[in-house]
Amino acid sequence: MAFDHTGESRNEAIPGIAAAARIPAMAQPVTLIPGDGIGPELAEATRRVLDASGVQFDWEVLDAGAAVMAKEGTPLPQRVLDSILRNKVAIKGPITTPVGVGFRSVNVALRQTLGLYANLRPVRSIPGLKTRYDDVDLVIVRENTEDLYAGIEHMVGPDAAESIKIITRAASERIARYAFEYAVANGRRKVTAVHKANIMKLSDGLFLESCRTIAAGYEGKIAFEDRIVDNMCMQLVQKPELYDVLVLPNLYGDIVSDLCAGLVGGLGVAPGANIGPDAAVFEAVHGSAPKYAGLNKANPTALMLSGGLLLRHIGEQAAAERVEGVVRAVIAEGRTVTYDLGGSAGTSEFADAIVARLESGA
Ligand code: NAD
């Protein structure tokens, strides 16, 4: 059951919230996009862990990105979109986007084409992992389809460029409703809207107004406040414990996600999900880190924990808890962790340690 901005129930479901328990009669079909850079190594490590979770998967592996572009003239062939829409769930490694020139981001195109409007990025401290704070527990809800990422830009003469920032009431209310419904379903206490409405009075002003409209329907249930994005960044670095669920337009959501990843151990441990009414695509917050590609060095935790979000999404709560628990336990022990967590294990050794523990049931 979902709620409209007045708080009254409606029949339109909020996707991915309160998934029904799955009847495990047959293997779960999942589209697997390995990506490029460090993506294929992380995708393989994650596939092995999900296969050891106790849930049966039927993997449909499809490529996208620069290599596909070179062969087929498009980095995102229709068969990839068809597979995701057929299976309803996908997990993907990062895909490199050429800087300045070349094709548009495949990651952004996937989110826009499939209407994956909610980018959910939980940020949680991992016990035993030495960071500035021990008790960070935030959830970022990023609008995923518009803002400056709409990709409408052009040169204005030879020496000036213009990018158009699109903010609509419909998309802003939809993401705010998602944030509040997430808060209700997950026992959260507060939603903070993040904006720059003091300067961008119309676009960010509309985002903030939309969040306020939705918040009114949850009064007495979920607290609401707003913060200007620059102040928000400082507050998150100094006092992350004051915040709970953050709802942001696309660009701020992208940037603040990396900041929050830094609070809990870096990009190697920050998972994410792109959720829409027709499908969901699970991926880490980080990119393809090309300098580590093929070195069996990168940390697969973020993609594995994205796999945990996938398990929750399909109603496999117990398997999700097992995977998340084992990943966190192996990190807490600190013996078999990757370079970014202070260890010397490779991607595959880290995965071995997790798979072994999942298979032994310890
Ligand atoms: P990045 O996230 O790839 O890497 C930045 C740095 O973070 C790396 O150099 C590394 O030090 C660290 N890092 C990232 N992931 C790690 C991991 N799993 N384990 C250990 N360390 C890790 O960011 P970037 O260098 O700005 O981007 C590289 C490419 O990735 C760009 O083409 C960008 O467009 C793309 N990208 C893709 C996605 C996606 O597929 N969703 C997201 C972000 C960036």
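Residues numbered from 1 in each chain as written. Predicted model: local features only at pLDDT ≥ 70, side-chain atom pairs only at ≥ 80, totals over all residues. Heavy atoms only, no water.

**Here's the deal with the environment of M304**
Residue position: M304 is located in helix α9 (residues 301-313). Through-space distance from the C-alpha of M304 to that of M69 is 27 Å; in sequence the pair is 235 residues apart. In this structure M304 touches A45, T46, V49, V323, V327, F350, A351 and I354, once residues within four positions along its chain are discounted. (Helix = DSSP H or I, 4+ residues; strand = E, 2+ residues; numbered from the N terminus. Contact = heavy atoms within 4.5 Å.)

**Here's the deal with the sheet that holds strand β7 (residues 137-143)**
To summarise the sheet geometry, strands pair through backbone hydrogen bonds and adopt either a parallel or an antiparallel arrangement. Ordered by their spatial adjacency, ten strands build an open sheet running β4-β3-β5-β14-β13-β6-β7-β12-β10-β11, and the pairing between neighbours is mixed. For this open sheet the edge positions go to β4 (57-61) and β11 (223-228), each flanked by a neighbour on one side alone. Neighbour-to-neighbour, the strand axes of the sheet open up by a mean angle of 25°, direction not taken into account. Packing against the sheet, helix α8 (residues 250-263) makes contact with β6 (118-124), β7, β10 (190-195) and β12 (245-248), and its axis sits at approximately 160° to β7. (Pairing = 2+ DSSP bridges. Axes fitted to C-alpha atoms, helices over the stretch in contact; angles between N-to-C directions.)

**Examining the domain arrangement of the chain**
Domain boundaries assigned for the chain yield domain 1 (1-119 + 268-362) and domain 2 (132-263). The centre of domain 1, based on its C-alpha atoms, is set 23 Å off from the matching centre of domain 2. Contacts between the two partners involve 22 residues from domain 1, matched on the other side by 25 residues from domain 2. For the pairing of domain 1 and domain 2, the buried interface totals around 2000 Å² over both sides, and the portion due to carbon and sulfur atoms is 58%. Between the two partners, domain 1 and domain 2, sit zero salt bridges. Taken together, the elements giving at least two residues each to the side of domain 1 that touches domain 2 come down to α4 (106-113), β6 and β13 (273-275). Here the side of domain 1 that touches domain 2 takes three residues from α4, the largest share from any one element. Taken together, the residues that form the side of domain 1 that touches domain 2 break down as twelve nonpolar, six polar and four charged. (Domains from an automatic or database assignment. Buried area = accessible area lost by both parts, 1.4 Å probe. Salt bridge = Lys/Arg side-chain N within 4 Å of Asp/Glu carboxyl O. Nonpolar A, V, L, I, M, F, W, Y, C, P; charged D, E, K, R; others polar.)

**A closer look at the site of the ligand**
The immediate surroundings of the ligand are formed by 24 residues, with I95, T97, G287, A289 and N299 found nearest. Within the side chain of K92, an N or O atom sits 3.3 Å from an oxygen atom of the ligand. About the coverage of the ligand: the protein hides 71% of its 820 Å² of free accessible area. When grouped by side-chain class, the residues that make up the shell around the ligand number eleven nonpolar, eight polar and five charged. (Near = heavy atom within 4 Å. Polar contact = N/O pair within 3.5 Å; in protein donor to acceptor, adjacent residues only side chain to side chain. Areas by Shrake-Rupley, 256 points an atom, 1.4 Å probe, with all protein chains shown as cover.)

**Observations concerning the environment of A356**
Relative to the helices and strands, A356 is located in helix α11 (residues 347-360). A relative accessible area of 45% places A356 in the partly exposed class. With 168 residues separating them in the primary sequence, A356 and R188 have C-alpha atoms 34 Å apart. (Buried < 20%, exposed > 50% of the residue type's maximum accessible area, 1.4 Å probe, protein only.)

**Observations concerning the packing of aromatic side chains**
For any pair of aromatic rings, the description rests on two quantities: the centre-to-centre distance and the angle between the ring planes. Under the counting rule described, the total for this entry stands at five aromatic pairs. Taking 6.2 Å as the distance between ring centres and 90° as the angle between the ring planes, the aromatic pair formed by Y117 and Y178 counts as edge-to-face. With Y117 in the loop between α4 and β6 and Y178 in helix α5 (residues 169-185), this pair connects stretches of sequence that are 61 residues apart. Take Y117 and Y178: they sit in the same class, and that class is buried. Seen from their ring centres, Y292 and Y339 are 5.0 Å apart, and the 40° between their planes marks the pair as tilted. Of this pair, Y292 sits in the loop between β14 (280-282) and α9 while Y339 is found in the loop between α10 (317-333) and α11, placing the two residues 47 residues apart along the sequence. Accessibility expressed as a relative area gives 18% for Y292, which makes it buried. Relative accessible area serves as the criterion here: at 34%, Y339 is assigned to the partly exposed category. Three or more aromatic residues joined by ring pairs make a cluster, and in this case those are F180, Y218 and F224. Its end group placed over the ring of Y149, R142 keeps NZ or CZ at 5.4 Å from the ring centre. (Phe/Tyr/Trp six-rings, centres within 6.5 Å; stacked < 30°, edge-to-face > 60°. Lys NZ or Arg CZ within 6 Å of the ring centre and 35° of its normal.)

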